[in-house]
Amino acid sequence: MNVKISFQDVSKSYAVKTGTFTALDNVSLDIFDREFVTVVGPSGCGKSTLMGMAAGLIDPSSGQTLVNGEPVTGPGPDRGVIFQQYALFPWLTVRKNVEFGLRLANLGKAEVRSRAQRAIDLVGLTDFADTLPKALSGGMKQRCAIARAYAVDPQVLLMDEPFGALDALTRVQLQDRLLDTWSKDQRTVMFITHDVDEAVYLASRVIVMAAKPGRLLKIIDVDLPYPRTEEIRLSPEFSRIRGEVWRSVYHQPAATSAA
Ligand code: ADP
């Protein structure tokens with residue numbers, strides 16, 4: 001499998017009053033083409049910093065990030081970034097919001113229109129293309145934000161707690177929709193979440209990070225088939241992996257079997 005994103009000994013430190021604060025300490029990690037990885041860890045362990053480096057929004061203090069074998073020097077249309085806050089323009093319809101994401105792509109009007117329509121259809125907002133954000137639910141707004149990123153046709157999706165603000169039911173529905181989309185187009189996805197269930201359900205590998213300093217703690221393989229289903233979510237194997245991730249995130253030693 002080809003490596004899509006390669007973090008090579010990346011560190012990030014900030015000058016603070018008391019000296020230097022290490023937000024991220026020597027992380028090396030390869031994410032493969034078409035892979036879906038999730039990143040979990042306590043607040044402040046450097047998840048967003050790591051993703052910011054892949055996005056080209058944060059420069060490492062040392063080390064480098066490669067995407068497609070090329071050093072990242074800034075944001076680019078090959079990488080779509082989706083944050084928890086939808087950041088939609090309230091005065092623009094769904095369609096115009098999605099088209100806005102294409103403004104830098106230097107495309108003709110017809111191409112912009114058809115790409116936006118394809119992305120809107122993909123996230124299931126066809127009937128709401130001419131609706132303003134204020135008339136949409138939280139889940140629909142986030143689908144619009146996802147469509148905006150998809151319209152640019154990025155090879156890599158970088159998602160920073162995209163479902164964090166949504167209620168549990170909407171969240172589960174969007175997880176399925178995202179996996180459905182991913183199974184069709186097989187983009188490479190790096191997805192940050194606080195939710196251990198979400199991390200296991202979506203990913204083929206869960207990257208567990210630790211804080212103080214922010215670092216890579218463990219990589220846990222999720223050896224469950226796609227498509228993921230409710231049956232898988234409720235299976236003993238899912239529970240086992242979920243337990244392993246949970247213990248790693250909260251730094252508890254693995255339970256030993258009772259004698
Ligand atoms: P996470 O996404 O895991 O919550 P972040 O990557 O956002 O963590 O942040 C990692 C650490 O770096 C945090 O402790 C945060 O406070 C710190 N940090 C982020 N940006 C700055 C900055 N500009 N100056 C100082 N510290 C920062």
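See the structure printed just above.
Residues numbered from 1 in each chain as written. Predicted model: local features only at pLDDT ≥ 70, side-chain atom pairs only at ≥ 80, totals over all residues. Heavy atoms only, no water.

Draft legend 1. Spotlight on the overall build of the chain. For the chain, the count of helices and strands is eight helices and 10 strands. Its C-alpha radius of gyration of 19 Å places the chain within 12% of the 18 Å reference for a compact globule of 259 residues. For the chain, the spread of C-alpha atoms along the three principal axes comes to 65 × 45 × 40 Å. Residue pairs in contact within the chain that sit at least 24 positions apart in sequence constitute 68% of those at least 6 positions apart. With the model as given, the accessible surface of the chain reaches about 12800 Å², and the carbon-plus-sulfur share is 52%. Looking at the chain, you have 30 positive and 29 negative side-chain charges, and the mean spots of the two groups are 6 Å apart. (Helix = DSSP H or I, 4+ residues; strand = E, 2+ residues; numbered from the N terminus. Rg over C-alpha atoms; globule rule 2.2 N^0.38 Å. Contact = heavy atoms within 4.5 Å. Areas by Shrake-Rupley, 256 points an atom, 1.4 Å probe, with all protein chains shown as cover. Lys, Arg positive; Asp, Glu negative; His and termini not counted. Charge placed at Lys NZ, Arg CZ, Asp CG, Glu CD.)

Draft legend 2. Seen up close, the sheet that holds strand E2 (residues 19-32). Taken together, four strands build an open sheet; the order of strands is E2-E1-E4-E5 and the sheet is antiparallel. Strands with a single pairing partner mark the edges of an open sheet, and in this sheet they are E2 and strand E5 (70-71). (Pairing = 2+ DSSP bridges.)

Draft legend 3. Local environment of the packing of helix H3 (residues 109-122) against helix H4 (residues 138-151). Across the interface, H3 lies against H4 with an axial gap of 8 Å and an inter-helix angle of 135 degrees. Here H3 lies oblique to H4, going by the angle between them. In the packing of H3 onto H4, the handedness of the crossing is right-handed. Residues Arg115, Ala119, Ile120 and Leu122 of H3 touch H4, and the partners they reach there are Ala147, Tyr150 and Ala151. Residue composition of the contact of H3 with H4, by class: six nonpolar, no polar and one charged. (Axes fitted to C-alpha atoms, helices over the stretch in contact; angles between N-to-C directions. Parallel < 35°, antiparallel > 145°, perpendicular 65-115°, else oblique. Left-handed = near helix turned anticlockwise from the far one by under 90°. Nonpolar A, V, L, I, M, F, W, Y, C, P; charged D, E, K, R; others polar.)

Draft legend 4. Representation of the nonpolar core. Core analysis: the biggest nonpolar cluster contains 49 residues, and Phe36, Val98, Met159, Phe191, Val206 and Val245 have the highest contact counts within it. Of the residues that make up this core, three or more belong to each of domain 1 (1-78 + 155-259) and domain 2 (84-153). When near neighbours in sequence (up to four residues on either side) are disregarded, Met159 contacts Met51, Ile82, Ile146, Leu178, Val189, Met190, Phe191 and Ile192. Judged by nonpolar contacts, the second largest core, of 23 residues, contains Ile5, Leu50, Val67 and Met209. (Core = buried A, V, L, I, M, F, W, Y, C linked by side-chain atoms within 4.5 Å. Buried < 20%, exposed > 50% of the residue type's maximum accessible area, 1.4 Å probe, protein only. Domains from an automatic or database assignment.)

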